[in-house]
Amino acid sequence: MVKALLWTVALVAVGGAGAQTTPFDALFPGAQVVARTGDRAARQGMGSFAYALPGRGRFTVGYLLTLTAQSPARVMAVDLDATGGQPEVAALQPAQIGALQQVVGRTAGRCFGATSAQQAAVQAWVGRTNAGKSDTAQASFGPVTARFERQQSSGLGYFTSTYRLERSRQPGAGTWQASCTFKF
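These numbers come from a predicted model, not from an experiment. Within every chain, residues take consecutive numbers counted from 1 along the sequence as written. Only residues with pLDDT of 70 or above have their local features reported here, since the model is predicted, and side-chain atom pairs are shown and tallied only from 80 upward, although totals for entire chains, interfaces and linings are computed over all residues. Side-chain measures were taken over the full set of non-hydrogen atoms in the model, leaving aside hydrogen atoms and water.

## Some thoughts on the side chain of threonine 22
So the rule is basically this: Under the scheme used here, helices are H or I runs from DSSP no shorter than 4 residues and strands are E runs no shorter than 2 residues, and both carry numbers assigned from the N terminus. Think of it in three bands: with a 1.4 Å probe and only protein chains considered, a residue is buried below 20% of the maximum accessible area for its type, exposed above 50%, and partly exposed in between. Here a residue-residue contact requires only that any non-hydrogen atoms of the pair lie within 4.5 Å.
Tracing the backbone through its elements, the reader meets threonine 22 in strand E1 (residues 20-23). For threonine 22, a relative accessible area of 7% translates into the label buried. Apart from residues no more than four positions distant in its own chain, threonine 22 is found in contact with Leu27, Arg110, Ser179, Cys180 and Thr181.

Shown next, in the form of structure tokens:
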């Protein structure tokens, strides 16, 4: 029993042979960091990136990371939040959804090991959920479980779309081909 427990801990620590790790901060080249902070005790990282859109527009995507206790911390789940630019309009604008599809797809691949075909499927799913009437959805793409939730603020009426990505298994419980890290 003790040997099995030690073996499991060792597998969790290494995350699988040949695994590719990416610092979360380096995941989105060309994006401007708007905010970044972390809480080691709560095992969370949070912040936001701004993306340039055609026509001099900017689009900000916020994130909340659920992290392991390792050093550097490994990302176990990512919540990506995007708010549309117009009150009372649930769907994001085409340029915004295009940027968000890239962010969600890249996160699924680099942080959770989704293949390029699975990343494309995740991106298509993001487009469908954004355009759809439902305010919740869930899907699985290989090792990635994705959840969507859209909420309207009670004040100005803006809608926020949240896409949560997480690995369907823990590190060491199957092949963990890619992961992201976060340094406090």
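Once the structure has been displayed, the description carries forward.
## Observations regarding the pairing of strand E4 (residues 57-67)
Worth spelling out the cut-off: Strands pair, by our definition, only if DSSP identifies at least two bridges between them.
The pairing of strand E3 (residues 44-53) with E4 spans 10 bridges and is classified as antiparallel. Paired with leucine 53 across the two strands is glycine 57, which belongs to E4. Counted between consecutive antiparallel strands, the loop separating E3 from E4 contains 3 residues, among which glycine 55 sits at a positive phi close to 80°. The pairing of E4 with strand E5 (residues 73-83) spans 7 bridges and is classified as antiparallel. Within the sheet, the bridge partner assigned to leucine 67 lies in E5 and is valine 75. Where E4 folds back on E5, the antiparallel hairpin that results is connected by 5 residues.

## Some remarks on the nonpolar core
Put simply, the rule is: In plain words, nonpolar cores are sets of buried Ala, Val, Leu, Ile, Met, Phe, Trp, Tyr and Cys residues tied together by side-chain atoms within 4.5 Å.
Core analysis: the largest hydrophobic core is formed by 39 residues, its most contacted members being Phe24 and Leu100. Per-element tally for this core: the top contributor is helix H2 (residues 94-112), with 8 residues. Leucine 100 has contacts with Phe59, Val61, Ala82, Leu92, Val126 and Tyr163, leaving out every residue within four places of it along the chain.

## Examining the pattern of salt bridges
Oppositely charged side chains are able to pair whenever their charged atoms sit close together. Quick note on the threshold: For this document, the term salt bridge refers to a Lys or Arg side-chain nitrogen within 4 Å of an Asp or Glu carboxyl oxygen.
Here the structure, examined in full by the defined rule, presents 5 salt bridges. We note a salt bridge from aspartate 135 to arginine 150, for which the minimum N-O separation is 3.2 Å. Taken as a pair, aspartate 135 in the loop between helix H3 (116-131) and strand E6 (136-141) and arginine 150 in strand E7 (residues 144-152) lie far apart in primary sequence, 15 residues in all. A residue is classified by how much of its surface remains accessible, and aspartate 135, at 37% relative accessible area, is partly exposed. Through salt bridges with shared partners, a single ionic network connects Asp79, Arg147, Arg164 and Glu166.

## Remarks on the packing of H2 against H3
In plain terms, the rule: Axes here mean lines fitted to C-alpha atoms, for a helix over just the part in contact, with angles spanning 0 to 180 degrees between N-to-C directions. Roughly parallel covers angles under 35 degrees, roughly antiparallel covers those over 145, roughly perpendicular covers 65 to 115, and oblique covers all other angles. Each crossing gets its hand from how the near helix is turned against the far one by less than a right angle, where anticlockwise is left-handed and clockwise is right-handed. All residues other than Ala, Val, Leu, Ile, Met, Phe, Trp, Tyr, Cys, Pro, Asp, Glu, Lys and Arg, Gly among them, are scored as polar; the first ten of these are nonpolar and the last four charged.
Closest axis-to-axis distance for the H2/H3 pair is 8 Å, and the angle between their directions is 140°. What the angle tells us is that H2 and H3 run oblique. For the element pair H2 and H3, the recorded crossing hand is right-handed. Of the residues in H3, those in contact with Ile97, Leu100, Gln101, Gln102, Val104, Gly105, Arg106, Ala108 and Gly109 of H2 are Gln119, Val122, Gln123, Ala124, Val126, Gly127 and Asn130. Across the contact of H2 with H3, the residue classes tally to 7 nonpolar, 8 polar and 1 charged.

## Side note on the packing of aromatic side chains
By convention here, two paired aromatic rings are described through the distance between centres and the angle between planes. For clarity, the threshold we go by: In this analysis, rings of Phe, Tyr and Trp, with Trp reduced to its six-membered ring, are considered paired at centre separations within 6.5 Å, and the interplanar angle assigns stacked below 30 degrees, edge-to-face beyond 60, and tilted for intermediate values.
With the rule as written, the count across this model stands at 10 aromatic pairs. Between phenylalanine 24 and tyrosine 63, the ring centres sit 4.9 Å apart and the planes meet at 55°, which makes this aromatic pair tilted. Taken together, the residues phenylalanine 24 in the loop between E1 and strand E2 (32-39) and tyrosine 63 in strand E4 connect sequence positions 39 residues apart. Overall, the relative accessible area of 5% leaves tyrosine 63 in the buried class. For the ring pair phenylalanine 148 and tyrosine 163, a centre distance of 5.0 Å and an interplane angle of 35° mean the geometry is tilted. Of this pair, phenylalanine 148 sits in strand E7 while tyrosine 163 sits in strand E8 (residues 159-167), and the two are 15 residues apart along the sequence. Take phenylalanine 148: its relative accessible area is 3%, and that puts it in the buried class. Pairwise contacts between aromatic rings join Phe24, Phe28, Phe49, Tyr51 and Tyr63 into one cluster.

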